[in-house]
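Results of the structural survey
Listed below, chain by chain, are the residues.
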Amino acid sequence: MVDADLYVRVQQFYAHQMPLLEARNFEEFLRTFTEDGSIEHRPGGWKLEGRVQLLTEMSARRGDPSNPRVGEISARQARADNIPYYDGLVYRYWFDRMLIDRVEADTLRVRYQAVVSMTDATGKVSFEPTTTVEDVLVESGGELRTRSRVVTHDSPNWADKIHNPS
Amino acid sequence: MVDADLYVRVQQFYAHQMPLLEARNFEEFLRTFTEDGSIEHRPGGWKLEGRVQLLTEMSARRGDPSNPRVGEISARQARADNIPYYDGLVYRYWFDRMLIDRVEADTLRVRYQAVVSMTDATGKVSFEPTTTVEDVLVESGGELRTRSRVVTHDSPNWADKIHNPS
Amino acid sequence: MVDADLYVRVQQFYAHQMPLLEARNFEEFLRTFTEDGSIEHRPGGWKLEGRVQLLTEMSARRGDPSNPRVGEISARQARADNIPYYDGLVYRYWFDRMLIDRVEADTLRVRYQAVVSMTDATGKVSFEPTTTVEDVLVESGGELRTRSRVVTHDSPNWADKIHNPS
């Protein structure tokens, strides 16, 4: 359990961090990660390590909401074929039930559940499979940063699902 | 960044404010706005200014959940034809990732994302296009009130979308 | 209105409590309720009183996400026929707009809105009708526990709806 000040600081950290990803502002988003920060998707997914690898992946995959939507494709296939599979979509992350523990003097473990909504140009809203997430945040120079994020998807077949069916 | 007390006060402000709108309790809802309070919808939407204009619009549009649902209509057409297009629906606002800044001694800027769920009498749930919101809150006599709300919809065609297709 | 410390404590209470239900860890979940703790569903639903009754119901109804999904069935019919109607589903609770009041020295009233998402093995996400909830929490020996939970569903036909149509 954490005190109120730290709880609010962590909430504000995410409220700053995640809109940067949604705005495709990747370089600024990745400055909220440590240099060696990682994002891993389970089960049966992949782990991206370090800002360089993360930037490469995000730049190739996140697309542009003003482009036409790509055809039906899964997350795994989009990586294999190098497809910007968020083209034509505004995606938003919804976090809930954040449980925060201080595990070392400068290190927090934050667990929460998350779901991604996708709104297309017509206004249709769909949702990716729900997930649970475990982040490690580290504090340095008065700043919080994400050192690791492990996303566990609630469907074992999440990576092979068509991510935004018509 | 704000301290924990103010963060919690703002959370509790919205937890009080928004159920009044959902309950169609418009007069009490509008008392949580300043006299000149405004709500604006972008892009390509409209701006309503002052409690009188807001009350007129809400009374005409918000309908009654125990009425039958109206036929397929967009937000823009419902305004043109003066249709209570929330008839037959319970709508709920879901807010997330509230980022709070004090911009003047008595003035806060609050940014968040929001989505509206609609549950009809059969239990079907649908969602309006996601949005981001920027509110200005002012404090007077120990009370927070909304001075302005700017809702930016994530679909450019939000106002012409059938708002709750069958 | 509550102070920041209590607000955060309540948030962390739910962030601990609800994942236990989602993990089908019923005995630990029920330890976050008082011995006589109750859950009631309105309108036209049922009230379960005490940990024993709650455990019996949850064990019979909550199923296993790795089982095949049951056919189309309503909440009411699943109780009548003793069907584990959450088989094949990962369900998550999304809470928002928590309004907390201290009603006695050791007693809190917490009101919020909630929606349940269901993700099946294919990754399909659906939502149960939205609800509002009123909990009574009591504090004893430094621990918060739920004494009662009243869930009001936003559809009058919630209990007879097919809970996760294909």
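Here is a short report on the structure shown in this document. (Residues numbered from 1 in each chain as written. Chains lettered and ligands numbered in written order. Predicted model: local features only at pLDDT ≥ 70, side-chain atom pairs only at ≥ 80, totals over all residues. Heavy atoms only, no water.)

1. Structural notes on the overall build of chain A
- Scanning chain A from terminus to terminus reveals four helices and seven strands.
- Mapped in sequence order, the helices and strands of chain A form the string α-α-β-β-α-α-β-β-β-β-β.
- Since a compact globule built from 166 residues should have a radius of gyration of about 15 Å, the 16 Å found for chain A is in line with a globular shape.
- Projected onto its principal axes, the C-alpha coordinates of chain A cover approximately 45 × 30 × 30 Å.
- The burial tally for chain A puts 57% of its 166 residues in the buried class.
- Counting contacts in chain A only where the partners sit at least 6 residues apart, residues at least 24 apart contribute 55% of the total.
- When the accessible surface of chain A is totalled, it reaches about 6900 Å², and 48% of it is carbon and sulfur.
- A distance of 2 Å separates the average location of the 21 positive side-chain charges in chain A from that of its 26 negative side-chain charges. (Helix = DSSP H or I, 4+ residues; strand = E, 2+ residues; numbered from the N terminus. Rg over C-alpha atoms; globule rule 2.2 N^0.38 Å. Buried < 20%, exposed > 50% of the residue type's maximum accessible area, 1.4 Å probe, protein only. Contact = heavy atoms within 4.5 Å. Areas by Shrake-Rupley, 256 points an atom, 1.4 Å probe, with all protein chains shown as cover. Lys, Arg positive; Asp, Glu negative; His and termini not counted. Charge placed at Lys NZ, Arg CZ, Asp CG, Glu CD.)

2. Digging into the interface of chain C and chain A
- The partner chain A presents 25 residues to the 25 residues of chain C that form the contact.
- Taken together, the two surfaces of chain C and chain A that pack against each other cover about 1900 Å², and 61% of this comes from carbon and sulfur.
- Together, Q12, R92 and W94 of chain C form the three largest contributors to the area buried by chain C at its contact with chain A, with a combined 32%.
- Taken together, the connections running from chain C to chain A amount to two salt bridges.
- Between R97 of chain A and E22 of chain C there is a salt bridge; the shortest N-O distance is 2.7 Å.
- Among the secondary structure elements, those contributing two or more residues to the side of chain C that touches chain A are α1 (4–22), β3 (89–104), β4 (107–120) and β5 (125–127) of chain C.
- Examining the composition of the side of chain C that touches chain A, we find that 11 residues originate from one element, α1 of chain C, more than from any other.
- Of the residues belonging to the side of chain C that touches chain A, the class tally is 13 nonpolar, seven polar and five charged. (Buried area = accessible area lost by both parts, 1.4 Å probe. Salt bridge = Lys/Arg side-chain N within 4 Å of Asp/Glu carboxyl O. Nonpolar A, V, L, I, M, F, W, Y, C, P; charged D, E, K, R; others polar.)

3. Concerning the relation of the copies chain C and chain B
- For the pair chain C and chain B, the best superposition has an RMSD of 0.0 Å and corresponds to a rotation of 120 degrees with a translation of 0.0 Å parallel to the axis. Interpreted geometrically, this transformation is the action of a three-fold axis. When C-alpha positions in chain C are compared against the rotation axis, the closest is assigned to A4 of chain C, at 3.4 Å.
- Mapped onto chain B, only 16% of the interface residues of chain C are again interface residues, and the two copies thus contact each other with different surfaces. (Least-squares fit on C-alpha atoms with pLDDT ≥ 70 in both.)

4. Quick look at the interface of chain C and chain B
- Residue-level contacts link 25 residues of chain C with 25 residues of chain B.
- Considering only the surface of chain C that becomes buried against chain B, Y7, R97 and D154 of chain C emerge as the three largest contributors, covering 30% of it.
- Here chain C and chain B share two salt bridges between them.
- The salt bridge partner of D154 of chain C is R92 of chain B, with a shortest N-O separation of 2.7 Å.
- Linking chain C with chain B are 11 residue pairs in polar contact (both at pLDDT 80 or more).
- Mapped by element, the contributors of at least two residues to the side of chain C that touches chain B are α1, β3 and β4 of chain C.
- Here the element with the most residues in the side of chain C that touches chain B is β3 of chain C; it accounts for seven residues.
- Taken together, the residues of the side of chain C that touches chain B sort by class into 14 nonpolar, five polar and six charged. (Polar contact = N/O pair within 3.5 Å; in protein donor to acceptor, adjacent residues only side chain to side chain.)

5. Re the side chain of R149 of chain B
Residue and element names in this part refer to chain B.
- Note that R149 resides in strand β7 (residues 143–153).
- A distance of 3.4 Å separates the side chain of R149 from the side chain of Y112, its partner in a polar contact.
- Reaching out from R149, the side chain makes a polar contact with the side chain of D135 at a distance of 3.0 Å.
- Those residues in contact with R149 that lie beyond four places of it in its chain are Y14, Q17, M18, F33, S38, I39, E40, Y112, V133, E134 and D135.

6. Some thoughts on the side chain of S74 of chain B
All names here are of chain B.
- Within the secondary structure, S74 is located in the loop between α3 (50–61) and α4 (75–81).
- Taking the relative accessible area as the measure of exposure, S74 reaches 7% and is therefore buried.
- Looking at S74, its side chain comes within polar contact range of the main-chain oxygen of A159, at 3.4 Å.
- Once you skip the residues sitting within four places of it in the chain, S74 turns out to touch Y85, A159, D160, K161 and I162.

7. Re empty space enclosed by the protein
- Enumeration over the complete set of coordinates arrives at six cavities of 30 Å³ or more.
- In this structure, the largest cavity spans a volume of roughly 750 Å³.
- Lining the largest cavity are 33 residues, with F95 and D96 of chain A, D96 of chain B together with F95 and D96 of chain C positioned closest to its centre.
- Taken together, the elements giving at least two residues each to the lining of the largest cavity come down to α1 (4–22) and β3 (89–104) of chain A, α1 (4–22) and β3 (89–104) of chain B together with α1 and β3 of chain C.
- For the lining of the largest cavity, a count of residues per class yields 24 nonpolar, three polar and six charged. (1 Å grid on protein atoms, 1.4 Å probe; cavity = no way out; pocket = protein on both sides within 12 Å on 5 of 7 lines; lining within 4 Å. Points joined across faces, edges and corners; volume = space filled by probe spheres on them.)

8. Looking at the environment of D101 of chain A
All names here are of chain A.
- Relative to the assigned elements, D101 resides in strand β3.
- Distance in space between the C-alpha atoms of D101 and R111 is 8.7 Å, their sequence separation being 10 residues.
- Here the side chain of D101 touches R111 through a polar contact of 2.9 Å, side chain to side chain.

9. Regarding the nonpolar core
- If you look at the biggest cluster of nonpolar residues, it comprises 129 residues, and the most contacted ones within it are V10 of chain A, V10 of chain B together with V10 of chain C.
- Setting aside chain neighbours within four positions, we find V10 of chain C in contact with M98, I100, L108, V110, L137 and L144 of chain C.
- V125 of chain A, V115 of chain B together with V115 and F127 of chain C belong to the second-largest nonpolar core, a separate cluster that totals 12 residues. (Core = buried A, V, L, I, M, F, W, Y, C linked by side-chain atoms within 4.5 Å.)

10. Examining α1 of chain C
All names here are of chain C.
- Helix length check: α1, at 19 residues, gives a terminal C-alpha distance of 27 Å against a target of 27 Å (1.5 Å per residue), a fit within 8%.
- Burial within α1 is extensive, with 15 of its 19 residues counted as buried.
- Positive phi appears at R24, one or two residues downstream of α1, with a value of about 60 degrees. (Expected span 1.5 Å × (residues − 1).)

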